[in-house]
Amino acid sequence: MRSPILVAAALAAATVLTACGSDDAGDGKTVVKIAIDPGLEQGAVDAYNERVAQFEKAHPDIDLRPQEYNWEATTFTAQLAGGTLPDVFTVPFTDGRGLIERKQVADISGLVAELPYAKDFNPNVADAGKAADGKTQAVPIAAYGQALHYNRTLFTQAGLDPDDPPSTWDEVRSAARQIARRTGQAGYAQMTKDNTGGWILTTLDYAYGGRTEKISGDRAESTLDTPEMRAVLQDLHDMRWTDNSMGANFLYDWGTINQDFAAGRIGMYVSGGGNYGQLLTQNAVKPADYGVTVLPLADDEDAGVLGGGTLAVVSANADDAVKAAGVKWIDFYYMAKLTVQDAAVLDAKTLAESDAPVGAPQLPVFDKATYDEMLGWTAEYVNVPLEQMTPYTDNMFDQPLLTEPTRSTQEVYGLLDPVVQSVLTDRGADIGALLEQAQADAQALLDRN
Amino acid sequence: MILDTRPAAPAHVPRARPRRGPRIRGGGLASLVFLLPMLVVFTVFSWLPIGQAVVMSFQQTNLVSDATFVGLENFRTVLSDPLLWTAVENTLWFAFLALLFGYPVPLVAAVLMSEVRRFRGLYGALAYLPVVVPPVVAVLLWKFFYDASPTGVFNTLLGYVGVDALPWLQDADLAMPALVLEATWAAAGGTIIIYLAALTGVAPELYEAAEIDGAGVWRKVWHVTLPRLRGVLLVTFILQIIGTAQVFLEPFLFTGGGPANSTTTILLLIYDYAFANSLGGDYGAATALSLMLAAVLAVFSAVYFRLTRGWGTS
């Protein structure tokens, strides 16, 4: 007879399914699924697991279950809709308000308000995580300003001084040309895919003194077609077609450009200033190769550095117990190391013992004094080549920091991807026509949303 | 899949008696029990999602908040999107190139292989090998081949014969043919096996008779092989059209639709509607376009089979 076996199998399956859907581990503990970056080097995984063990020891009623997660525009919404995100996950500043408005993340404002540092956030940073009523529903855990990353080894091979990186866009162009000619690698490369094309193009537009949107009251006006944006695209066009200094790949996204940079195939590229951690833990960049400097700014009073950051949020599906446990994890893992000496030291020590990077530069989510204090606590554990980052760290606070566009940000970035791709893959691309069309499309988008 | 297209010999079939009573009599219940698992699987994983997609195409939803009924708005949004016509053009271009290269290649290969007496199994295995390679791995492999720098695999080979490096995926005009080349390589093996199987059904006497009549290789292929394969060719043709109309994997993994939307296909556009916006995609527009594509393909298939009804046999 097969039926008893079938019944047993069905019961077993039902039990497994029930267990998967429960927030209770069966021993009274609250199960919380937390996010860990995929593809980390073993040292970083060990450090993370150690932090999890420390948390569980301090909170014996909570059972943490790490789940690989990395925010990507194209997979995030599928995970969100499919309910497969961890209970605690991170999103960029650009998505904070939208997710809160659409009730796609849990309202944890009551729990966040009880945290001792709740009122101390840098106002620019805190806005990204606030609901319309001013309550913080998403916790800013990190902030960045865009920077120019460069390969010191390629600089040396090309006869450039790696301790004196370019400080104007003309110098970037001539350095790129020299690297391409003398090393055969791409002198300068740029992201163009999966909305990152728009992200970097907007960064350059800001650096030239432009803006991509103008907000007046409730109305948002798209300002993509400006002299600054045209100048940016013309310079890119000239680097690509006149100098031939941008290599042969014009379909980069964040992951692939990091890969090629770490592999020594790119001389310079623009990305977040704290990117060294990712480059080391995910792409095994050689520390000796790495250099970073501030983004060159045009001689224009409106020129500034695009800044953004990361928010920690709790899934909309979480019940009260998971919300409470989730906020405790956010406080323990992401925040305490920024504000509490013991936590900062423990975090840095754990990371350093596992050879995970400690000390990569970031922008403060609170004020500069708190940030400097934290750097002092953890100084002895710093294992990143800080001296190679001084062109950035010595100057990053002197640059005006500008927030990303606020309306339909990722969608407008998506509209700009084909614009920059056209300029880099079509010698005869009509920059004016491309921008005119992109602006009309963006305006239609802004009017609709 | 139809492998032998010869007309079935007429057989005497006794006329079935008119059925009386419920269908579950005469073994019907047992059949139903055996069918049940498959019915459940199909209902849960195929028919129910199709039904949900139809409903969703009339709704605005992000799958988290409550859905609202919007009538035909999603269809209007899709039809007024200028990118739709770019995607339709690109898909037709892909389908045309795939027909031009991808359709004859397996046929020629199968005919040649069927003529070979030794190592036929080895050739078959080699031809089928790309089908066994996981598609994502194949695309990653070909990305190396298509490296646009002068040191890329294909460009190095071109360099040997004095041809300048080509930009491959990095050029709006070259990207689509490059995708078709990989897709043909990846899919040809399966079609070759189908043709080879059909070719074994061609009676050797026909070739002998043709040889006696003085036919050479070309005339044998034209007058014997192709007519006997006609049924299979008709089916593989429509399967290829349906397959290429739904091309997604290659543009998604190779180019993400670039450069400058030159490889954005209809399925990639559907994907973008649903998933490209991280704040919750336009699932209504995505399902609306999916339904329109399904309807066009269904009508095309029906017309195709109606027009070719009499062509299946020689």
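The rules behind these values
- Residues numbered from 1 in each chain as written.
- Chains lettered and ligands numbered in written order.
- Predicted model: local features only at pLDDT ≥ 70, side-chain atom pairs only at ≥ 80, totals over all residues.
- Heavy atoms only, no water.
- Contact = heavy atoms within 4.5 Å.
- Salt bridge = Lys/Arg side-chain N within 4 Å of Asp/Glu carboxyl O.
- Polar contact = N/O pair within 3.5 Å; in protein donor to acceptor, adjacent residues only side chain to side chain.
- Helix = DSSP H or I, 4+ residues; strand = E, 2+ residues; numbered from the N terminus.
- Nonpolar A, V, L, I, M, F, W, Y, C, P; charged D, E, K, R; others polar.
- Core = buried A, V, L, I, M, F, W, Y, C linked by side-chain atoms within 4.5 Å.
- Buried < 20%, exposed > 50% of the residue type's maximum accessible area, 1.4 Å probe, protein only.
- Domains from an automatic or database assignment.
- Patch = residues over 30% accessible without salt bridge, like charges linked within 9 Å, V, L, I, M, F, W, Y side chains within 5 Å.
- Areas by Shrake-Rupley, 256 points an atom, 1.4 Å probe, with all protein chains shown as cover.
- Lys, Arg positive; Asp, Glu negative; His and termini not counted.
- Charge placed at Lys NZ, Arg CZ, Asp CG, Glu CD.
- Buried area = accessible area lost by both parts, 1.4 Å probe.
- 1 Å grid on protein atoms, 1.4 Å probe; cavity = no way out; pocket = protein on both sides within 12 Å on 5 of 7 lines; lining within 4 Å.
- Points joined across faces, edges and corners; volume = space filled by probe spheres on them.
- Pairing = 2+ DSSP bridges.
- Expected span 1.5 Å × (residues − 1).
- UniProt positions renumbered as here; feature names shortened; annotations may be inferred.

I would appreciate a short explanation of the interface of chain A and chain B in the present structure.
A common way to report how large an interface is uses the accessible area buried once the components associate. In this assembly, 27 residues from chain A lie in contact with 27 residues from chain B. In this structure, the connection of chain A to chain B is made through one salt bridge. The salt bridge involving B:Asp147 is made with A:Arg265; its shortest N-O contact spans 3.2 Å. In this assembly, chain A and chain B are joined by four residue pairs in polar contact (both at pLDDT 80 or more). The greatest single-element share of the side of chain A that touches chain B, amounting to seven residues, is contributed by helix α3 (residues 73-82) of chain A. Across the side of chain A that touches chain B, the residue classes tally to 11 nonpolar, 10 polar and six charged.

Help me out: how do you make sense of the nonpolar core in this one?
Generally speaking, soluble globular proteins have nonpolar side chains that are buried together. By size, the foremost hydrophobic cluster in this structure holds 124 residues, and its most contacted members are A:Tyr188, A:Leu233, A:Leu236, A:Met268, A:Trp329, A:Tyr334 and A:Met335. The element that contributes the greatest number of residues to this core is helix α13 (residues 320-339) of chain A, accounting for 10 residues. Three or more residues apiece are contributed to this core by two domains, here domain 1 (28-143 + 308-381) and domain 2 (145-306 + 397-448) of chain A. Core analysis: the second largest hydrophobic core is formed by 19 residues, B:Ala87, B:Ala274, B:Tyr283 and B:Leu297 among them.

Please explain a negative patch on the surface as it appears in this structure.
On the surface, A:Asp161, A:Asp164, A:Asp170 and A:Glu171 cluster together to form a negatively charged patch. Mapped onto the elements of the fold, A:Asp161 is located in the loop between α7 (152-157) and α8 (169-183).

I'm lost on the domain arrangement of chain A in this one. Help?
Residues and elements named next belong to chain A. According to the domain assignment, chain A consists of domain 1 (28-143 + 308-381) and domain 2 (145-306 + 397-448). The distance between the C-alpha centroids of domain 1 and domain 2 comes to 28 Å. At the junction of the two partners, domain 1 supplies 20 residues and domain 2 supplies 18 residues. Of the roughly 1600 Å² buried between domain 1 and domain 2 on both sides combined, carbon and sulfur atoms contribute 63%. When residues of domain 1 are sorted by the area they lose upon contact with domain 2, Thr 94, Pro 357 and Leu 363 head the list and together hold 29% of the total. Counting every contact that joins domain 1 to domain 2 gives zero salt bridges. Where domain 1 packs against domain 2, one counts two residue pairs in polar contact (both at pLDDT 80 or more). Within the residue set of the side of domain 1 that touches domain 2, elements represented by two or more residues are α3, α4 (93-101) and α15 (368-378).

So what exactly am I meant to see when it comes to empty space enclosed by the protein here?
In this approach a probe as big as a water molecule rolls over the atoms, and the regions it shows empty are the leftover space. Residue and element names in this part refer to chain A. A complete count under the given rule lists four cavities of 30 Å³ or more for this structure. Of the volumes computed, that of the largest cavity is approximately 100 Å³. What lines the largest cavity is simply Phe 93, Asn 122, Asn 124, Val 125, Ala 143, Tyr 144, Gly 307, Gly 308, Leu 363, Leu 401, Leu 402 and Thr 403. Listed by contribution, the elements that provide at least two residues to the lining of the largest cavity are α6 (123-127), β4 (139-151), β10 (305-314) and β11 (401-403). Top element by residues in the lining of the largest cavity is β11. It accounts for three residues. Grouping the amino acids of the lining of the largest cavity by side-chain chemistry returns seven nonpolar, five polar and no charged. By volume, the second largest cavity amounts to about 80 Å³. In this structure, the second largest cavity is lined by Ile 141, Leu 338, Gln 362, Leu 363, Pro 364, Val 365, Phe 366, Asp 367, Thr 370, Tyr 371 and Met 374.

How do you make sense of the layout of surface pockets when you look at a structure like this?
Residue and element names in this part refer to chain A. By volume, the second largest pocket amounts to about 780 Å³. Every residue lining the second largest pocket is counted, 29 residues in all, and those nearest its centre are Arg 97, Thr 406, Arg 407, Ser 408 and Thr 409. Listed by contribution, the elements that provide at least two residues to the lining of the second largest pocket are α4, α6, β7 (219-222), β10, α17 (409-425) and α18 (431-448). Taken together, the residues that form the lining of the second largest pocket break down as six nonpolar, 12 polar and 11 charged.

I keep staring at the pairing of β7(A) and nothing clicks. Help me out?
Regular strands place their side chains on alternate faces of the sheet. All names here are of chain A. In β7, alternate side chains face the same way, and those of Ala 220 and Ser 222 are buried while those of Arg 219 and Glu 221 on the opposite face are not. Bridge count between strand β6 (residues 213-216) and β7: four bridges; the pairing is antiparallel. Residue Lys 214 lies in a different strand from β7, and its bridge partner there is Glu 221. Taking the residues that link successive antiparallel strands as the turn, the β6-β7 hairpin has two residues, and the phi of Gly 217 there is positive, at about 65°.

Help me understand helix α10 (residues 227-241) of chain A in this model?
Owing to its 3.6 residues per turn, the α-helix aligns residues three or four sequence positions apart on the same side. Residue and element names in this part refer to chain A. With 15 residues, α10 should reach 21 Å at 1.5 Å per residue; the first-to-last C-alpha distance of 20 Å fits that figure. For α10, every residue scored as buried is listed here: Met 229, Val 232, Leu 233, Leu 236, His 237, Asp 238, Met 239, Arg 240 and Trp 241. Elements that come into contact with the buried residues of α10 comprise α8, β5 (186-188), α9 (196-207), α17 and α18.

Sorry, what's going on with the pattern of salt bridges here?
Pairing is possible between side chains of opposite charge, provided their charged atoms come close. Inspection of every chain in the model, using the stated rule, returns 13 salt bridges over all chains. B:Glu211 is paired through a salt bridge with B:Lys220; the nearest N and O atoms lie 3.0 Å apart. Note on B:Glu211: relative accessible area 48%, which makes it partly exposed. Through salt bridges with shared partners, a single ionic network connects A:Arg173, A:Arg177 and A:Asp243.

Please explain the UniProt feature "transmembrane region" (unreviewed entry) in chain B as it appears in this structure.
Residues and elements named next belong to chain B. Per the UniProt record, the feature "transmembrane region" (unreviewed entry) sits at residues 27-48, 92-113, 125-145, 174-198, 229-249 and 283-305. Between the end C-alpha atoms of residues 125-145 there is a gap of 23 Å, over a span that is 90% helix and 0% strand. Between the end C-alpha atoms of residues 229-249 the distance is 30 Å, and the span holds 86% helix and 0% strand.

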